[in-house]
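# Architecture and fold: a report
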Amino acid sequence: MVPYHSRTSGLPIKPVCPSQEYSFQLATEMLASKVVVGMLSKKHWLNAVPAVQNVSFLKNPRNPHISPANTGAELFQRIVEALR
């Protein structure tokens, strides 16, 4: 799959298959114990996993770099500490 610019992603709002439900359950469990940075599709994640409302997303979703400028200094420091 090749990414491309689109005003609408075409992703369905509701899960399509049981494996997605399982993935969403894993994501919910992970949110309780990990530093998580959202990158894309915030609206879709919020529909699937309401706990995502507490997740910090990149300031520029078109730029996937984890940097102080794209995450904010506080979140960037939390990421660095988690990786140590």
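It should be noted that the structure appears before, not after, this text.
Residues numbered from 1 in each chain as written. Predicted model: local features only at pLDDT ≥ 70, side-chain atom pairs only at ≥ 80, totals over all residues. Heavy atoms only, no water.

Turning our attention to the overall build of the protein. In terms of helices and strands, the protein carries 4 helices and 2 strands. Taken from N to C terminus, the helices and strands of the protein fall in the order α-β-α-β-α-α. Residue burial in the protein is summarised as follows: out of 84 residues, 18% are buried. Partitioning the intrachain contacts of the protein with sequence separation of at least 6 by distance along the chain shows that 29% fall at a separation of at least 24. Counting every atom, the protein has about 6800 Å² of accessible surface; 58% of that belongs to carbon and sulfur. (Helix = DSSP H or I, 4+ residues; strand = E, 2+ residues; numbered from the N terminus. Buried < 20%, exposed > 50% of the residue type's maximum accessible area, 1.4 Å probe, protein only. Contact = heavy atoms within 4.5 Å. Areas by Shrake-Rupley, 256 points an atom, 1.4 Å probe, with all protein chains shown as cover.)

Summarising the element assignment, Val 49 is placed in the loop between α2 (42–48) and β2 (56–57). Between the C-alpha atoms of Val 49 and Leu 31, which are 18 residues apart in sequence, the distance is 9.9 Å. Discounting residues that sit within four places of it in the chain, Val 49 has contacts with Phe 24, Ala 27, Thr 28 and Leu 31.

Counting 7 residues, the largest nonpolar core consists of Phe 24, Ala 27, Val 36, Val 49, Val 52, Val 55 and Phe 57. In this view, Val 52 contacts Leu 31, Trp 45, Leu 46 and Phe 57; residues no more than four positions away in its chain are not counted. (Core = buried A, V, L, I, M, F, W, Y, C linked by side-chain atoms within 4.5 Å.)

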